[in-house]
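# A closer look at the structure
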Amino acid sequence: LPLVGQSQRQAGHDRSPFGFVLSSLFEHPMPPHFQWPSATALKVREAAVCICLRRVETPVPEVLTRRDVYRGGQEWAKEKVSGSFDSRANLLLKSDSDDRQFHGEWEVLMGQNECVNWLRSTNDHVVCRRYPGEWVFAGGAVDRGETPAQAALRELREEFLVEPPPDNGLPPAHILRLMSVRQTRPIGGRTDIMYNYVAMASENQWLAEIDIDEINQQLSERRATHTALLQSGEFWGLTKKAKLEVSPEVRRLRWVGLREAVVMMFTSMNDELVCVDNWQREQFAAFHIERRDPMFLTMALLLDIESFPSERSLVRHTNSVNIKSALEKAQWLYEGMSQTELDMVMQSRQRQDRGEHLANGDARTTAEDLERLRSAREAEDEIEHLFRSQL
């Protein structure tokens, strides 16, 4: 079947906001990815992410080295000689170190994307999804009339087939905590404001009790039903709503340790193709996909989670997050902006100091920043423990 090319696929408007154009991570004049016809005004869309977390009973610290993420060492050697490292490396590793310790305290629930966007495909023309074969969080656009938290739960149901119970009062049936708000850089004339929620298994019994094997079996049965509809030709006559109900979006779920997840996100931006597993490699070969979609923002969220040494530290942080204030601090692009206005804003951001970038969740946050945050949170844990012991 004819295939949509890689550049066309990346320009498509998928509901998922979690990738990041690699060239947008560096400070330089406005790249082509940020440009659109001058008559087109910028669109701002709200999106919500549901990050499901659980603590590991017996954490096992693991070391990640620069060579682990620069597979083969060629990119690592080139950047080591040049003395400059891109934003992803600065976020992952301290400037004076070639390794980093992950404490092994958290696991995140992630789903591996299918590769074909069946809603956009036709019986003689296949369109690939954005982030094909990537491990992602549940999330997507906030629909009209929804709050971001409601959207995050809906996406968890639709994409991961996880069914939180209805919230009928007190105590709440599900506890979602707003960890951060970020705004993506514009791609194709649109930018997403991302509300990043966390749900901890210790606070949500339904999450602690989910059966991953059962959900993966349901996902497998959905693929089988969809395949049968394709073989009979019946699928192409379905309404859009009916197609949505039967089309596979996520291949499988699993709990993933932060180190492993970060490696998968980091290598999506390597010069040479490094697939997350054999299935993604086979799919890329079948659909002639030559590069992975960059997963910078997902990597940044994972490293944010690593900076929390305990559930209490995460609770303290989320209790301090005001959604209105967080949005005001994060938003730097607005509905209706022209290309000229965008150019001016981008140039202004490049002149801002690092402190303001850190406050806004910018890509220039470094591993040193995150290490300081973790140390401060560990100290707060000790103070809180001492206070509670004296009560």
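I will try to describe carefully the structure that is included in this document. (Residues numbered from 1 in each chain as written. Predicted model: local features only at pLDDT ≥ 70, side-chain atom pairs only at ≥ 80, totals over all residues. Heavy atoms only, no water.)

### Observations regarding unusual backbone geometry
Counted only if it meets this: The helix and strand labels rest on DSSP assignments: H or I over at least four residues marks a helix, E over at least two residues marks a strand, and numbering proceeds from the N terminus. Exposed residues in this analysis have more than 50% of their type's maximum accessible area, buried residues have under 20%, and partly exposed residues fall in between, with area computed by a 1.4 Å probe over protein chains only.
A positive phi angle, near 55°, is found at Leu161, a position not held by glycine. Relative to the assigned elements, Leu161 resides in the loop between helix 5 (148-160) and strand 7 (177-183). Notably, His288 is not glycine yet its phi reads approximately 55°, a positive angle. For His288, a relative accessible area of 60% translates into the label exposed.

### Quick word on the side chain of Ser121
Quick reminder of the rule: Polar contacts, as used here, are pairs of N or O atoms within 3.5 Å; protein pairs need one atom able to donate a hydrogen and one able to accept it. Residues neighboring in sequence count only if both atoms are side-chain atoms. Any two residues having at least one pair of non-hydrogen atoms within 4.5 Å are treated as being in contact.
Along the polypeptide, Ser121 turns up in the loop between strand 4 (106-113) and strand 5 (135-136). When its relative accessible area of 3% is taken as the criterion, Ser121 is described as buried. Of the polar contacts made by the side chain of Ser121, one reaches the backbone oxygen of Asn117; its length is 2.8 Å. At 2.8 Å, the side chain of Ser121 forms a polar contact with the backbone nitrogen of Val127. Not counting residues within four places of it along the chain, the set of residues in contact with Ser121 comprises Val116, Val126, Val127 and Trp236.

### Overview of the environment of Val142
Structurally, Val142 is set in the loop between strand 6 (138-141) and helix 5. Aside from chain neighbours lying at most four places away, what touches Val142 is Glu46, Ala47, Ala48, Thr147, Pro148 and Ala151.

### Examining the environment of Glu146
Tracing the backbone through its elements, the reader meets Glu146 in the loop between strand 6 and helix 5. Every residue in contact with Glu146, bar those within four places of it in the chain, is listed here: Ala141, Ala151 and Arg154. One polar contact links the side chain of Glu146 to the main-chain amide nitrogen of Asp143, over a distance of 2.8 Å.

### Re the pattern of salt bridges
How we decide: In what follows, salt bridge is the name for a side-chain nitrogen of Lys or Arg lying within 4 Å of a carboxyl oxygen of Asp or Glu.
Tallied over the full model, the rule gives 25 salt bridges. One salt bridge connects Arg177 with Glu203, and the closest N-O pair in it is separated by 2.8 Å. In this pair, Arg177 is assigned in strand 7 and Glu203 in the loop between strand 8 (190-200) and helix 6 (205-208), connecting sequence segments 26 residues apart. In this structure Arg177 comes out as buried when scored by relative accessible area, which is 15%. For Glu203, a relative accessible area of 24% puts it in the partly exposed group.

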